[in-house]
Amino acid sequence: MNIDDKNNSLSVELDNVRLRNPTMLASGILGISQSIFERLYRENIGAVVTKSISVSPMKGYPNPTVIPLGGGSYLNAVGLSNPGVDAFSRELSHNKNIPIFISLVGSSEKEFSRMVKTFDSLNILGYEINLSCPHVSKMGMEVGDDPEAVNKIVKTVRMNTSKPISVKVGVGSVDVIELARVAIDAGANIITAINTLRAMSIDIETMMPILSNRIGGLSGNAIKPIGIRCVYEISKKLEVPVIGCGGVSSWRDVIEYMIAGATAVQIGSVLGSRGPRIFNQITKALLNYVENKNLKNISEIIGIAHKY
Amino acid sequence: MHTSIDTRRIVRIEEIVSETPTVKTLVFKDDLSYAARPGQFLMVWIPRIEEIPMSAMINFKEGYAAVTIRKSGVGSTALFERKEGDVIGLRGPYGNEFALGKNYKKILIIGGGTGLVPLLRLASFAIKKRLNITMVLGARSKKEVFFEKMARKLLEPVRSSVKICTDDGSYGLKGTTVDIMSTLLRNNTFDCVYTCGPELMMKGVVDLANKNSIPVQASLERYMKCGIGICGSCCLDSLLVCQDGTVFNGKQLSKMLDFGISYRDKDGQRICYS
C-alpha cells in the first residue's frame, strides 16, 4: 500500500496547508466515521472532507436516496443526513494525523459560528462551506444563490477561525465565478467547484419519480466537463487555489482537472464501483505520470490550459 | 442482453407465503436475484415509500427468487403489506458471499429468524458440493419458528441434520443457538461455522467458534442508504457491510470494535445495542 514518493513530487500546497498528494475525498461520501478516514489514509488519500455537518443531527430523506444511473453517473438526494456538531466533534476528538476538512452546512451565521467554535480546537486542517447542495430547502444552494447571505456566512466563519476556508460552489442561478468572488472577498481562501447538479429520474414502468425527494443532484461521469469548465474559469479569473470536483473516476481525470487549474481534486461517486482502494491506485498512477512527464512536482501542471 | 446489477428491474410479486403472523416471503421472477450468491443482498424499492436492503431468498423455481420480510419499520411494513400482483423494484445483488472452502466436508449452519435467508441459499450451494450439513434454526418460541419445512426439504439429498431450538423450549430443543452449538462441538468436528441472525446471537456464535479455533463466517446487517459503498451508513469500524461484506470472517469480526456493540442510525450517530 505504501507509495514511494521520496521527492514529494505529488505534494501540493492548498493555501497554507500541504497535502502529500492532490487526491481528496469529496464531501457526502463515507464521511461520518473516523475509522473510515483512517482506512482512506492508509489508501494514500491526500485529505478527506467530511459529510456536511449541521448544528442539529439530520436524518435526511427516506430511501431511495442514491440511484446508480449507469455509465458511472449517480443521482442522489440524501438530504444532508449527519450526526450534528456535538456527536461529530466527539467522533473526531481522537484524530491525530488524518488531514481532515470539515464540511459545514447551515442556514444562518449563528449556526456556522456555533459549529466553528466547537470544531476549531480539533486536530483538523480546515473547513469547506457547503453552499451548493441542490436539494435541501434553506441550506446549501438556497444560501449559495444569495450573495449577501454568502458574504455574511463566510465572514462569520472567518471571524471564528484562522484555518483555511474553502467554499464549495455549484451551478445554480448565480454565476459560479461571481459566487466564488463574493466568497473570496469575504475571507475564504479556497474554492471547491463543483457540487452536484439538480436532476431527476423517473421509472417508466410505475411512472413514478424514484428519489423520495423527487429531485436530487447528479454526480459522476456526466458532470465532469461542467466541473472542468468551472475550475478553468474560476482559477483563470480569481487568483486563488481551486479544488476540482465532479466526475473524477481515474488518474486521467485528476490530471485534467489540474491542467484546468485545480490544485487538488476531490473524488466521490466512483467509490460506488471501485471502493476506497481507488485512492491508492490513482496516487500510484499519478506518480507514474509525473515521472513520464519529467516533472519535479505535479504542481507544475496546474492551470497550464490557461495559456490556450 | 446482459443486465447490469445497477439497473432497476420492476418485478411483479407472484406468490406470497405467510411464514408467521409477522413474517412473509414475497416471490418474484428475476434472473439476477435467482443467480445471487449466498450472503448477497438486493436493494428493494417499494415505490414512493422506501428502499431497503434485503438478503436474496431462494425459490425452487428456475429464474425465481424472493425476499423474506419481518414487519417492523416503515419500509418493511409497506413491503409486508404488498399483495400478489403488486410491483416492487430491485437492484443488486450486491456484496460478497459466504465462502465454501475447497476441502470442506462438514459444515455447521446456525441461524435465527430472517437471518436464515442467506443461510438457506448457502445450503443450496453446499448441497451441490455434497457437503455434510448440520443446520440449527433458533427462535424465541414455537410461534416464531419458520423455514423448518424448507430447510428439511432442501437438505434431504445430502447427509444432514436439522435442529430446531427455542429459548423457552416450546418447540424442539430448549436453549439458544449458542447452547446447541456448544453441545454439537463436543461430539463433532466442523470445517466451518456459518451464521446469520440477530447480531448478539452472531456475536455468541463467532466468539465460541473463535475460542474453539473453528473457521467462522457471519453475514451482517446494517441500515443502508445506497447499498454500494457511497453513503457510509453501514460501516463497522473501517469496513462497509455493503461493499466489504455482508460476510465477514472470524478474524475480521474479532478485531471489530462495533460488532455486537454498536451501529449507525439514519443520521450517522453511533448507537449501542441495549
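Reading guide: rules and limits
- Numbers given to residues run from 1 along each chain, matching the order in which its sequence is written.
- All chains are assigned letters beginning at A, and all ligands numbers beginning at 1, according to the order in which they are written.
- Note on the predicted model: pLDDT of at least 70 is required for a residue's local features to be given, and 80 or more for side-chain atom pairs to be given and counted; whole-chain, interface and lining totals, by contrast, use all residues.
- As a convention, hydrogens and water are excluded, and side-chain values are obtained from all of the structure's heavy atoms.
- Elements are defined by DSSP. Helices are runs of H or I of four residues or more, strands are runs of E of two residues or more, and each kind is numbered from the N terminus.
- With the radius of gyration taken over C-alpha atoms, the globule rule is written as 2.2 Å times the number of residues to the power 0.38.
- Think of it in three bands: with a 1.4 Å probe and only protein chains considered, a residue is buried below 20% of the maximum accessible area for its type, exposed above 50%, and partly exposed in between.
- In what follows, a contact means two residues having at least one pair of non-hydrogen atoms within 4.5 Å.
- Only four residue types enter the tally: Lys and Arg on the positive side, Asp and Glu on the negative side; His and the chain ends are excluded.
- Take a side-chain nitrogen of Lys or Arg and a carboxyl oxygen of Asp or Glu: if they are within 4 Å of each other, that pair is a salt bridge.
- Contacts described as polar in this section are N or O atom pairs within 3.5 Å, which, within protein, must combine one atom able to donate a hydrogen with one able to accept it, while residues neighboring in sequence count only if both atoms come from side chains.
- Defined here as a combined quantity, buried area equals the accessible surface (1.4 Å probe) lost by two parts on assembly, summed across both.
- Side-chain classes follow a simple rule in which Ala, Val, Leu, Ile, Met, Phe, Trp, Tyr, Cys and Pro form the nonpolar group, Asp, Glu, Lys and Arg form the charged group, and the remainder, Gly included, forms the polar group.
- To form a nonpolar core, buried Ala, Val, Leu, Ile, Met, Phe, Trp, Tyr and Cys residues must be joined to one another through side-chain atoms within 4.5 Å.
- Where each domain begins and ends follows an automated or database-derived domain assignment.
- Pairing between strands requires that DSSP locate at least two bridges from one strand to the other.
- Every axis corresponds to a line fitted to the C-alpha atoms, with the helix fit spanning only the stretch in contact, and the corresponding angles, defined between N-to-C directions, vary from 0 to 180 degrees.
- If an angle is under 35 degrees, it is roughly parallel; if it is over 145, roughly antiparallel; if it lies from 65 to 115, roughly perpendicular; otherwise it is oblique.
- The sense of a crossing depends on the near helix, which, turned anticlockwise from the far helix by less than a right angle, makes the crossing left-handed and, turned clockwise, makes it right-handed.

Draft legend 1. Representation of the overall build of chain A within the structure. From N to C terminus, chain A includes 10 helices and 16 strands. Computed over C-alpha atoms, the radius of gyration of chain A comes to 18 Å, within 12% of the 19 Å expected from 2.2 N^0.38 for 308 residues, which places it in the range of a compact globule. Each principal axis of the C-alpha distribution contributes one length, and for chain A these read about 50 × 50 × 40 Å. Per-residue burial over chain A gives 65% buried out of 308 residues. If you take every contact in chain A between residues at least 6 apart in sequence, the share linking residues at least 24 apart comes to 72%.

Draft legend 2. Up close: the side chain of Asp203(A). Within the secondary structure, Asp203(A) is located in strand E12 (residues 202-203). The side chain of Asp203(A) is buried and forms no salt bridge, while Arg8(B), the nearest opposite charge, is found at 5.7 Å. Of the polar contacts made by the side chain of Asp203(A), one reaches the backbone nitrogen of Glu205(A); its length is 3.4 Å. Beyond its immediate stretch of four places on either side in the chain, Asp203(A) contacts Met208(A), Ile210(A), Ile10(B) and Trp45(B).

Draft legend 3. Looking closely at unusual backbone geometry. With an omega of 5°, the peptide bond between Gly92(B) and Pro93(B) qualifies as cis. Structurally, Pro93(B) is set in strand E7 (residues 87-94). At Asn44(A), a residue that is not glycine, the phi angle is positive and equals roughly 70°. Its location among the elements puts Asn44(A) in the loop between helix H1 (34-42) and strand E4 (47-49). Among the residues examined, Asn44(A) registers a relative accessible area of 9% and is labelled buried. Phi is positive for Arg130(B), which is not a glycine, with a value near 55°. Inspection of the secondary structure assignment puts Arg130(B) in the loop between helix H3 (116-128) and strand E9 (132-139). For Arg130(B), a relative accessible area of 56% puts it in the exposed group.

Draft legend 4. Examining the interface of chain B and chain A more closely. Taken residue by residue, the interface counts 34 residues in chain B and 40 residues in chain A. Between chain B and chain A lies a buried interface of about 3000 Å² when both sides are counted; carbon and sulfur atoms form 56% of it. Connecting chain B to chain A are 3 salt bridges. Between Arg270(B) and Glu91(A) there is a salt bridge, with the nearest N and O atoms lying 3.8 Å from each other. Seen at the junction of chain B and chain A, the total is 13 residue pairs in polar contact (both at pLDDT 80 or more). By residue number, the principal contributor to the side of chain B that touches chain A is E7(B), which donates 3 residues. Within the side of chain B that touches chain A, the residues separate by chemical class into 15 nonpolar, 6 polar and 13 charged.

Draft legend 5. The arrangement of the nonpolar core in detail. In this structure, Ile102(A), Phe119(A), Val167(A), Ile234(A) and Leu271(A) are the most contacted members of the largest nonpolar core, which totals 140 residues. Inspection of this core shows a minimum of three residues originating in each of domain 1 (9-94) and domain 2 (106-272) of chain B. Setting aside residues no more than four positions away along its own chain, Ile234(A) makes contact with Val169(A), Val176(A), Ile177(A), Ala180(A), Ile191(A), Ala193(A) and Val242(A). Of all hydrophobic cores here, the second largest spans 39 residues; its members include Ile58(B), Val145(B), Ala151(B) and Cys196(B).

Draft legend 6. Expanded view of the sheet that holds strand E1 (residues 9-12) of chain B. Residue and element names in this part refer to chain B. Ordered by their spatial adjacency, 4 strands build an open sheet running E1-E7-E4-E5, and the pairing between neighbours is antiparallel. Only two strands of the sheet have a single partner each, and these edge strands are E1 and strand E5 (50-55). Strand-to-strand twist in this sheet, taken as the mean axis angle between neighbours without regard to direction, amounts to 35°. In the sheet, E1 pairs with E7 via 4 bridges, with the strands oriented antiparallel. Looking at the pairing, Val11 lines up with Ile88 of E7.

Draft legend 7. Local environment of the packing of helix H3 (residues 109-119) of chain A against helix H5 (residues 147-160) of chain A. Residue and element names in this part refer to chain A. Contact geometry for H3 and H5: axes closest at 9 Å, N-to-C directions at 25°. Here H3 lies roughly parallel to H5, going by the angle between them. Once H3 is placed against H5, the crossing between them reads as right-handed. Between H3 and H5, the residues in contact are Glu109, Phe112, Ser113, Val116 and Lys117 and Lys152, Ile153, Thr156, Val157 and Asn160, respectively. Among the residues forming the contact of H3 with H5, the class breakdown is 4 nonpolar, 3 polar and 3 charged.

Draft legend 8. Representation of the domain arrangement of chain B in the model. Residues and elements named next belong to chain B. When cut into domains, chain B gives domain 1 (9-94) and domain 2 (106-272). The C-alpha centroid of domain 2 is placed 20 Å from the C-alpha centroid of domain 1. Taken residue by residue, the interface counts 26 residues in domain 1 and 28 residues in domain 2. A per-residue breakdown of the area domain 1 buries against domain 2 is headed by Pro38, Ile58 and Phe60, which together make up 27% of the total. For Arg70, the salt bridge identified is with Glu144, shortest N-O distance 3.6 Å. For the pair domain 1 and domain 2, the interface holds 7 residue pairs in polar contact (both at pLDDT 80 or more).

Draft legend 9. Quick look at the environment of Leu155(B). All names here are of chain B. Within the secondary structure, Leu155 is located in helix H4 (residues 148-155). The class for Leu155 is buried, based on a relative accessible area of 1%. Along the primary structure Leu155 and Arg9 are separated by 146 residues, whereas in three dimensions their C-alpha atoms are 31 Å apart. Every residue in contact with Leu155, bar those within four places of it in the chain, is listed here: Ala123, Ile127, Ile133, Met135, Ser160 and Val162.

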